[in-house]
Amino acid sequence: MALFPAANLKLIDHKFLNVAPIAVYNRVNLHTQGGLGSLFGFRSQPNRPSAHFWVSQAGVVEQYVDTDIRAEADLEGNDATVSVETEGGESSAIAQIQEWTAPQLQSLTALVAWIMSTHNIELRLATDSKPGPSSRGLSWHRLGIDGNFPELPDMLAGRKQRGGGMHYSTATGKVCPGNAKIHQIPGILAAITGTSPAVVSPAPVAPTAAVPLEVDGFWGSATTTRAQEVLGQPADGQVRFQFRNNKQPAMTTGWVFDFAPGRGSPLITRMQEIMAAAGQYQGTVDGVAGSESTKGLQRRFGIAVDGILPAKSPTVMALQRALNAGTF
Ligand SMILES: [Zn+2]
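Residues numbered from 1 in each chain as written. Predicted model: local features only at pLDDT ≥ 70, side-chain atom pairs only at ≥ 80, totals over all residues.

Asks: Tell me about the overall build of the protein chain, residues and numbers included.
Replies: When helices and strands are tallied, the protein chain shows 7 helices and 8 strands. The burial tally for the protein chain puts 42% of its 328 residues in the buried class. Sequence-distant contacts, at least 24 apart, represent 65% of the contacts inside the protein chain between residues at least 6 apart. (Helix = DSSP H or I, 4+ residues; strand = E, 2+ residues; numbered from the N terminus. Buried ≥ 20, exposed ≤ 12 C-beta atoms within 10 Å, placed from the backbone. Contact = placed C-beta atoms within 7 Å.)

Asks: Would you mind going over the nonpolar core in detail, with residue names and values included?
Replies: Among the nonpolar cores identified, the biggest contains 43 residues, and Val28, Phe53, Leu111, Val112, Ile115, Leu138 and Ile185 are the most heavily contacted of them. Elements with a contribution of two residues or more to this core: strand S2 (27-30), strand S3 (53-55), strand S5 (81-86), helix H2 (102-118), strand S6 (137-140) and helix H3 (179-193). The dominant element in this core, judged by the number of residues it contributes, is H2, at 6 residues. Non-local contacts of Leu111, meaning those with residues more than four positions away in its chain, are made with Phe4, Phe53, Val55, Val61 and Val84. Grouped together as the second largest cluster of nonpolar side chains are 19 residues, Ala227, Met271, Ile274 and Tyr281 included. (Core = buried A, V, L, I, M, F, W, Y, C linked by C-beta atoms within 7 Å.)

Asks: Could you give an account of the environment of His141, with specific residues and numbers?
Replies: Among the secondary structure elements, His141 is positioned in the loop between S6 and H3. With 28 residues separating them along the chain, His141 and Ser169 place their C-alpha atoms 7.8 Å apart. Residues in contact with His141, not counting those within four places in the same chain, are Asn29, Leu30, His31, Tyr168, Ser169, Cys176 and Pro177.

Asks: Talk me through the sheet that holds S3; I want residue IDs and the actual numbers.
Replies: Taking strand neighbours across the sheet as the criterion, the 6 strands line up as S1-S4-S3-S5-S2-S6 in an open arrangement whose pairing is mixed. Either end of the sheet is taken by a strand with one partner, and the two such strands are strand S1 (8-9) and S6. Those strands touched by H3 are S2 and S6, and its axis lies near 165° from that of S6. (Pairing = 2+ DSSP bridges. Axes fitted to C-alpha atoms, helices over the stretch in contact; angles between N-to-C directions.)

Asks: Which residues make up the pairing of S5, and what are the values?
Replies: Of all the 6 residues making up S5, 6 are buried; the element is thus mostly covered by neighbouring parts of the structure. Residues Thr81, Ser83 and Glu85 line one face of S5 and the alternating positions Val82, Val84 and Thr86 line the opposite face, and both faces are buried. Direction of pairing for S2 relative to S5: parallel, over a ladder of 4 bridges. When the bridges of S5 are listed, Val28 appears paired with Val82.

Asks: Can you explain the packing of helix H5 (residues 266-277) against helix H6 (residues 291-301)? Please cite residues and give values.
Replies: Following both chains from N to C, one finds H5 and H6 inclined at 50°, their axes separated by 10 Å at the closest point. Accordingly, the angle class assigned to the pair H5 and H6 is oblique. Pair H5 / H6 crosses with left-handed handedness. On H6, the residues touching Ile268, Met271, Gln272 and Met275 of H5 are Ser293, Gly296 and Arg300. The residue makeup of the contact of H5 with H6, split by class, is 3 nonpolar, 3 polar and 1 charged. (Parallel < 35°, antiparallel > 145°, perpendicular 65-115°, else oblique. Left-handed = near helix turned anticlockwise from the far one by under 90°. Nonpolar A, V, L, I, M, F, W, Y, C, P; charged D, E, K, R; others polar.)

Below is the structure:
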């Protein structure tokens, strides 16, 4: 038995686990849950991949799986990974920009220190998910997740940007952990080692310029750039979109047409995902802009729902106000 002394033990029934010993202890993988509250009930069901631990925003640690056996949160990494879920954002909209709280970070640091010391895991930051030394140490889910993440050198890069490796998830673009939390990870290791760790990224990401968007109801490149920043996507100011009816509304600039099938905009896709989770978007999550996406935005921002974006659109103005507040 390997149980964290400070944890609330909520061990998941073995009938819900693929009970097998961990082959070798190569890494701790950090995760973020999409939402709030203990995951014990949710994970105590068939086919719900479990993590070993969960840390709440208040700093409460729950242990779901004995670290002598495998959890299932890291797909191809499960045979060598101790996994830690953390209580996530109040909404998926802020998952990228919300840091771990101070008590959460304190408990997380203590927990990671215990795991690394108990299982002799190397005190280093993993730099990718490739089998071998570079994926050992303190790691995070995105290192093994494919998606449209920033290019190296940037801590926010994902599996593809780092040249491949093990898949820790079959999902694409999964916010796990979000950008702000990833930036806190070197500090966790530094607190454990008492020194500054080797940093994955040679240069910190420049903070977003605090110049407010003009609230003009015109969805141009500045609005797109700010939306990309708020939603944690590479900010290039271009939507790369399709319209279902292939018509570009008059109030947009910097939108690049791409009529290849199945290639909707990553930004519109993310917005659709968030709005669908909130019950506001009722169309297909495909990144294709159209009247359903517009209706989603109108429901989200309390605008009369007609699916139309006119010039000086009140819907776009509401979006711009939200983005100026750092939210979507
Ligand atoms: Zn995860």
